[in-house]
Amino acid sequence: MESHRITKPEKSGSSLIEVVIAVGVMAVAVPLVFGALAESGKTGMSAEAETRSAWMVPICMDEIKASREARSKYFTATTTGQVFPPASEVWALAFSPEGKPLGKVSKAEYDKGVKLVGGARVQYLATLSSTLPKTQTGPTPMLSARITLEYPSGTPASKRQKLDFYTRIP
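Because the structure is predicted, anything quoted here is derived from the model rather than measured. (Residues numbered from 1 in each chain as written. Predicted model: local features only at pLDDT ≥ 70, side-chain atom pairs only at ≥ 80, totals over all residues. Heavy atoms only, no water.)

A. Fine view of the pattern of salt bridges. In total, this model carries three salt bridges according to the counting rule given. Its salt-bridge partner being Glu-69, residue Arg-71 comes within 2.7 Å of it at the nearest N-O pair. Overall, Arg-71 belongs to the exposed group, its relative accessible area being 52%. Of the charged contacts in the structure, one is a salt bridge between Lys-107 and Asp-111, with a shortest N-O distance of 3.1 Å. Residue Lys-107 and its partner Asp-111 are located together in helix 2 (residues 107–112), separated by four residues, close to a single helical turn. Note on Asp-111: relative accessible area 33%, which makes it partly exposed. (Salt bridge = Lys/Arg side-chain N within 4 Å of Asp/Glu carboxyl O. Buried < 20%, exposed > 50% of the residue type's maximum accessible area, 1.4 Å probe, protein only. Helix = DSSP H or I, 4+ residues; strand = E, 2+ residues; numbered from the N terminus.)

Written out as structure tokens, the structure is:
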């Protein structure tokens, strides 16, 4: 007669301690992953803005020059040595995601954020301003001009990322 040994199956499954540890690990890891994804999105948006600025800043400089020659498409005429924008205005241009100019933006739109101009999607805003330097050298007064590229355009002005570009112009 043969005897067969009957074995009890070992208990399978997770203990309460194992489940608590796994949940704890997930509670730490998931926010870190989402934080890293959010930061990479900001970095990508910043890199895109820096790339597009190579197209947008020259357009803004052309508008400043055109303003000096009384042929600006978007802004009031100014004279050589005159600070811009005039006290009652904001000089802000809207740009598409590809870096193409879409038009002038009013002070109210600039402050609250703008998503569309003329039916086209706006991604960037460029503000143009100048100041007189404290000391002048040479016969032609040179202004310190600043072009600030801001993104994303749909958020209020205080929450936008900003890139500043400086130059001197007559």
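B. A look at the nonpolar core. With 21 residues, the main nonpolar core has Cys-60, Phe-84, Phe-95, Tyr-124 and Leu-128 as its most contacted residues. The contacts of Cys-60, once residues within four sequence positions are left out, are Leu-93, Phe-95, Ala-126, Leu-128 and Ile-147. Within the second largest apolar cluster, nine residues are counted, among which are Ala-94, Val-114, Val-117 and Val-122. (Core = buried A, V, L, I, M, F, W, Y, C linked by side-chain atoms within 4.5 Å. Contact = heavy atoms within 4.5 Å.)

C. Seen up close, the side chain of Ser-96. For Ser-96, the location among the structural elements is in the loop between strand 1 (91–95) and strand 2 (101–104). Ignoring sequence-local partners within four residues, the contact set of Ser-96 consists of Leu-102, Arg-121, Gln-123 and Tyr-124.

D. Region of the structure containing the sheet that holds strand 7 (residues 161–169). Reading across from one edge, 2-1-5-6-7 is the order of the five strands in this open sheet, with antiparallel pairing throughout. Unpaired on one side and paired on the other, strand 2 and strand 7 mark the two borders of the sheet. The average undirected angle you get between the axes of adjacent strands in this sheet is 25 degrees. One ladder, built from nine bridges, connects strand 6 (residues 143–151) with strand 7; its direction is antiparallel. Looking across to strand 7, one finds that Leu-149 is bridged to Leu-163. (Pairing = 2+ DSSP bridges. Axes fitted to C-alpha atoms, helices over the stretch in contact; angles between N-to-C directions.)

E. Looking closely at the side chain of Arg-160. Among the structural elements, Arg-160 can be located in the loop between strand 6 and strand 7. Classification of Arg-160 as buried rests on a relative accessible area of 5%. Polar side-chain contacts of Arg-160 include one of 2.9 Å to the side chain of Glu-150. Apart from residues lying up to four places away in sequence, Arg-160 is in contact with Glu-109, Tyr-110, Asp-111, Lys-112, Gly-113, Leu-125, Glu-150, Tyr-151, Pro-152, Ser-153 and Thr-155. (Polar contact = N/O pair within 3.5 Å; in protein donor to acceptor, adjacent residues only side chain to side chain.)

F. Structural context of the packing of aromatic side chains. Scanning the entire structure with this criterion turns up four aromatic pairs. Seen in terms of ring centroids, Phe-84 and Trp-91 are 5.1 Å apart; in terms of plane orientation they differ by 20 degrees. Their pairing is stacked. The pair Phe-84 / Trp-91 is uniform in exposure class, with both members buried. Judged by centre distance (6.2 Å) and plane angle (70 degrees), the ring pair of Tyr-124 and Tyr-151 falls under edge-to-face. Highlighted residues: Tyr-124 in strand 5 (residues 124–131) and Tyr-151 in strand 6, separated in sequence by 27 residues. Among the aromatic residues, those joined into a ring-pair cluster are Tyr-74, Phe-75, Phe-84 and Trp-91. Above the plane of the ring of Tyr-110 lies Arg-160, whose end atom (NZ or CZ) is 4.9 Å from the centre. (Phe/Tyr/Trp six-rings, centres within 6.5 Å; stacked < 30°, edge-to-face > 60°. Lys NZ or Arg CZ within 6 Å of the ring centre and 35° of its normal.)

Everything listed here is a matter of coordinates, which is why it stays silent on function.
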